[in-house]
Amino acid sequence: MERDRREPGALIVGRERELAALYGFLEPGRSQRAFVLEGGPGIGKTTLWEAGVDAARARRLRVLSARSSGAEAQRSFAALIDLLDGVATEELAGLPAPQLLALQVALLRAEPAEVPAEPHAIAVGFLNALRALAADTPLLVCVDDVQWLDPPSAEALAFAAPRLEGAEVGFLLARRPGTRSALERTLERQGLERLEVGPLSLGATSRLLSERLGLSLRRQLLRRIVDTTLGNPLFALEIGRTLSERGLSGMGEEIPVPDAVEELLGTRVARLARPVRRLLLALALSGDLRVSQLAAVADRAAFDDAVDAGLLLVDGDRVRASHPLLAAAARNRSRAGERRELHLALAATVADEQLRALHLALATELPDAELAATVAAAAGAASVRAAVRQAVQLAEHALRLTPPELPERSDRLLALASYLLVAGERQRVTDLLGPELDVLPAGVARGRAYLLLAEGGAIRSNKDIRRYFERALAESEGDPELRASVLAEISENDAVVRVKRIHEAEAGALEALSASHLSGTAAERLALFALGWARSLRGRPIDDACDRFDAASSATTYIAGSPERVAGQRLVWRGELKQARAVLTPLLSAADERGEPSSYALLRLHVCELELRAGNCEAASRLLDEWVESSDRELLNWPMYERCRALLCAGRGLAAEAERWATEAISRAEATGVRWDLLEALRARGIAALLAHQPAQAVESLRTVWEHTEREGVDEPGVFPVAPDLVEALVGLGERDEALAVTRRLGELAAAQQHPWGLATAKRCGALVQLASERYDDDAATALAQAAADYGALGLRLDAARSLLSLGRAQRRSKKWAAARRSLEQSAAAFDQIGSFGWAEQARSELARVGARRAPPAGALTPAESRVVEQAAAGLSNKQIAQSLYVSVHTIEVHLSHAYAKLGVRSRAQLAGRLSGLR
C-alpha cells in the first residue's frame, strides 16, 4: 500500500511514542541537532525514518536523503551522490571553483582531471554546499543504515557536521546496533537524541496484522507470534501472510516459518555443520535447555562454535536460540526420523515429567497403551497447574497412543474435550465429540459429552444449550456427581442467561451442592460457582462460597468458572470500584498468562463494564477496540459486545448511536434467548431515549427491565441499574406515584444490603421526585448535590455528572440562575473530562437558557472540538490527531461528527474553508 504523503506516519502501527519523539525533533526551535533511530533488522526503524522524511517535507524543510546498503558500501561517494541527487548544479554555482570541480567529479557529474581531486576539497565543497542550501530553507540530512555508509561519504559527513554551527542543518539517521560511526560521535558533542526502536507490543502486533492483512487472530495465537518473532514487525507480517495462505495454526501446531524468512534464515542454517544444526533443532523441539542437557545431544566443540557464531545465547546454565525463528528454520529443514530420534534423546535428559512424556509421545508413531497412560497423566498434571496449551498437546497424544479397544479411550476423549474448552477451542470440541456420541458408553460418559457439547461451537441459541442439559440429566440416573454437575449448569443458566426465577436457581445450586458427595470434585466447584451467581443476583454476599471453592481443590482452577469472578462483578454492581478493580485486573492478567482465551474474554468484558460504570469512556472504548480487532469475539456467543457498545454510546451521550447498537443487541438477544444482554440493551435504549427527550419511550424500555428484575427475584439493585433513569423518565411524564414506588423499593433494598451505589441513587431518585414539584425544595436540591458527591467519592463520575445536570435543570426551571449556572458548568466540565460529549452538549444547552450571563452561541465548538478541527483542517488524519491528543480514534470521529453538524460542513475541505472564514 502506498503511503499517503500528506499523512506521514499514518500507516504506522504501535509506534505512537516513537512518532511523537520524532515529530518533536522536527518542530522549530529544537535544541537537538540530530536524531538517531536504532534497531535490529526488520524492527521498523526504516519505516520510522521514512515517516520522519515525509514529516520534514510536510513541514517545508529541505530534505537530502540517502539509503545506504552493504553493496553500496564498496562504491565511493555513493551516499553523497544520493544526498545531492535533487540539487541542481546551478544551486552549487557559488562554490569556489576547486571545491565545485572536486565535488562534481565525486558526484559523477564531471569528468575527472588528470590530477585526482583532493578528498579534503570534496569534503569542504560538501560543507559549503550544505551551508548554501540551508541559507534560504532549513535543511535536514537523512541517512538510513548509517553503518553501511561508504567510507568517503562517511568522512565527508563527519567533516561537515561539526562545522555547520549557525546553519539550520539537522540530521536524521537510522542504524543497526553496533559501533558508533565518526559522524555520530561528532554529532553527540553537538546535541544528539538517540531512540532505540524496540519490539512491537501484543496489541500493536494485533493492529498491524489487522490493518495490513485484515487478519483477526486469537490472543493466544498472537502471543505465540510475538514470542516467535520477538516483536519484530517484518517477521510478524511475514508469518501473518503465511497463516493467511495456509490457514490459521491450531493449538498444537508450530508457528510456520514464512518463505521470505526461510530464505533469510534457512540458508544460514543449511550452511551450519550438522552438530550445530542439531543443537538448534534440540532447542526448537524443547525450548530453552540446560548446558548439561545439550551435552547429551552434541559435543562441547559444537556448542562452543554455536555460541561463538551468535546462534545460541547462554544465561547462567540455561541456553536458548538467539532468535526463535533460527530454531524454527532448523526444525523446518530437519527430517521426521531425525526429529523422533532427537525427541527420544531429549526425553532421557529433561527433568520435567510432563516435558519428558511429551518427548516420548513425539518419538512414538504407533499406539502404546503404557505410554498413553503416562502421557494422559502428564496432561492431567499440566491442566492442574493451568498449563493449558501443554495439557491439550499431551491429551491429543494420549488419545492418539491409546489403542481403540481400551475402555480408557472414552475418558481420554472427554479429557481432551474439556482441555480444549479451557483453551477456547469450542468448535474443535464439537468436531471431536459429535462423531463419537453414538459409540460413547451410555450414562456418565455420554452425559459428560452432552455437558461439554453445551459449550461447543455448534451452539446457536440457549435452546440448544437447554436441550443438551436435558439429555445429560437423562444420562445421570444413578450417578450423583454427574447429576450434581447438570443441576449446577442448569442453575447457572437460569441465573445468568435467562435471569429467571433466581430463588429457584439458588435452590438448584444448593441441591447440586448436596448431591455432590465428595469434596473437591468438579461437581462441587460447579455448584459453588452457580450458587455464587444466584446469591449475588439476590443481593447477598458470597464470601462463604468463594472460601469453600478455594478449599475444594488444591488444583489451579479455570478462572472463568471461579466464584471470585462473580465476586468482582458484585463489587462493580455495588459501586465499590476500587475493590472491584483489585479483584478483576489480576484475574484478567492471570487468564492472559495461563492462555485461557474464554476466561480472558469474559474478564475483559467485566473490566469493560467496570469502566462503563466509572464513566471511563476512553478505557472502555480501548477494551472494545481490542475486542473487535481480535477473533476472541467468537468465544462469547451472545451479543455482549453490542450491548457494551450501546452502553458506551449512551455514556458518551450519543443517542442515535446508542439506539442503533441497542437495537442490534436486542435483536440478537431475542434470537438467542439471552435475557441478560436483552435487559442491558433495553437499559441503553432507555438512556438513548432520555438523551433524545423522549420520556415515554424511555419508560417503556426501562420499566420492562425494572419489572422483570422485581418479578424474577433480582434484588441486587446495581446489576441492572435502571432505577435513576426510570425515575427521571417517569418524573418527565408526571408519573410521580410510580417514581416514588421505584424510589421506595430501591431505598429498601439499598438499606438492607448497605449498598453504596444504591444508597446514593435512592438519595438521587428521591430528590428528582421532590424537585419535580412546582415549589422548589432546598432540601431536595441539597440531597441531589450530596448524591453527586457520594458518586464522586465512589469513582462513579458519569453518575455524578448526570446528578449535577439534573440539579442544574431543576434550578433553572425554578429560576435559581446563579445556582443553576454553577451546577450546569460543573456538569459540563465533568462530562468533558470523561469524554461524554453528548451529555456535555445537553448541559451547555441548559446553560444557554440560563439568564444573567451570556451563554456560548448555539453551534459554538467546544474546546475539545476546536482542537480536533484545527488539526483536521491542517490535513492530519484521525489517527494522527488521536495520537497527539492521547485519545482514541473513535473519540476524534465523534468530535468531528459534532463539529461538522455545528459548522454545516460535510468534508475536511469544507471544514478548512469554513474555519478560514471564521478567523
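Residues numbered from 1 in each chain as written. Predicted model: local features only at pLDDT ≥ 70, side-chain atom pairs only at ≥ 80, totals over all residues. Heavy atoms only, no water.

## Looking at helix H38 (residues 756–771)
Since the α-helix packs 3.6 residues into each turn, any two residues three or four apart lie on the same face. Here is the rule: Each helix corresponds to a stretch of at least 4 residues labelled H or I by DSSP, and each strand to a stretch of at least 2 residues labelled E; elements are numbered beginning at the N terminus. An expected span of 1.5 Å times one less than the residue number is assigned to each helix. Buried means the residue's accessible area, taken with a 1.4 Å probe over protein chains only, is under 20% of the maximum for its type, while exposed means over 50%, and partly exposed covers the values in between.
Between its first and last C-alpha atoms H38 spans 23 Å; for 16 residues at 1.5 Å apiece the expected length is 22 Å, and the two agree. Within H38, the full set of buried residues consists of Trp757, Gly758, Ala760, Thr761, Ala762, Arg764, Cys765, Ala767, Leu768, Val769 and Leu771.

## Overview of the sheet that holds strand S4 (residues 169–175)
The strands that make up a sheet pair up through hydrogen bonds in the backbone, lying either parallel or antiparallel. Where we set the bar: Strands qualify as paired when DSSP identifies two bridges or more between them. Interaxial angle, 0 to 180 degrees, is taken between N-to-C directions of lines fitted to C-alpha atoms, where a helix line uses only the stretch in contact. Residue contacts are counted whenever heavy atoms from the two residues lie within 4.5 Å of one another.
Overall, parallel pairing links the 5 strands, which are arranged S2-S3-S4-S1-S5 in an open sheet. Across the chains shown, the open sheet's two edge strands, defined by having one partner strand only, are strand S2 (62–67) and strand S5 (192–196). When strand polarity is set aside, the average angle formed by the axes of neighbouring strands in this sheet is 15 degrees. Note: strand S1 (residues 34–38) against S5, 5 bridges, orientation parallel. By the bridge assignment, Val36 is partnered in S5 with Arg194. Against the sheet, helix H5 (residues 119–134) contacts S2, strand S3 (139–144) and S4, and its axis sits at roughly 130 degrees relative to S3.

## Focus on the packing of helix H12 (residues 274–286) against helix H14 (residues 300–308)
Rules: In this scheme, roughly parallel covers angles under 35 degrees and roughly antiparallel covers those over 145, while 65 to 115 is roughly perpendicular and the rest are oblique. Each residue is assigned to one of three groups, with Ala, Val, Leu, Ile, Met, Phe, Trp, Tyr, Cys and Pro labelled nonpolar, Asp, Glu, Lys and Arg labelled charged, and all others, Gly among them, labelled polar.
Taken N-terminus to C-terminus, the directions of H12 and H14 make an angle of 75 degrees; their axes are 9 Å apart at the nearest point. By the angle between their axes, H12 is roughly perpendicular relative to H14. Where H12 abuts H14, its residues Pro275, Val276 and Leu279 lie against Ala302, Phe303, Asp305 and Ala306. Grouping the constituent residues of the contact of H12 with H14 by class yields 6 nonpolar, no polar and 1 charged.

## Points about the sheet that holds strand S6 (residues 289–290)
Here 3 strands make up an open sheet; going across it, the order is S6-S8-S7 and the pairing antiparallel. If you trace the sheet from one side to the other, it starts and ends with S6 and strand S7 (312–315), each paired once. For S6 and strand S8 (residues 318–321), the ladder comprises 2 bridges, and the chain directions are antiparallel. The residue of S8 that forms the bridge with Arg290 is Arg318. Together, S6, S7 and S8 form the strand contacts of H12, whose direction differs from that of S8 by roughly 95 degrees.

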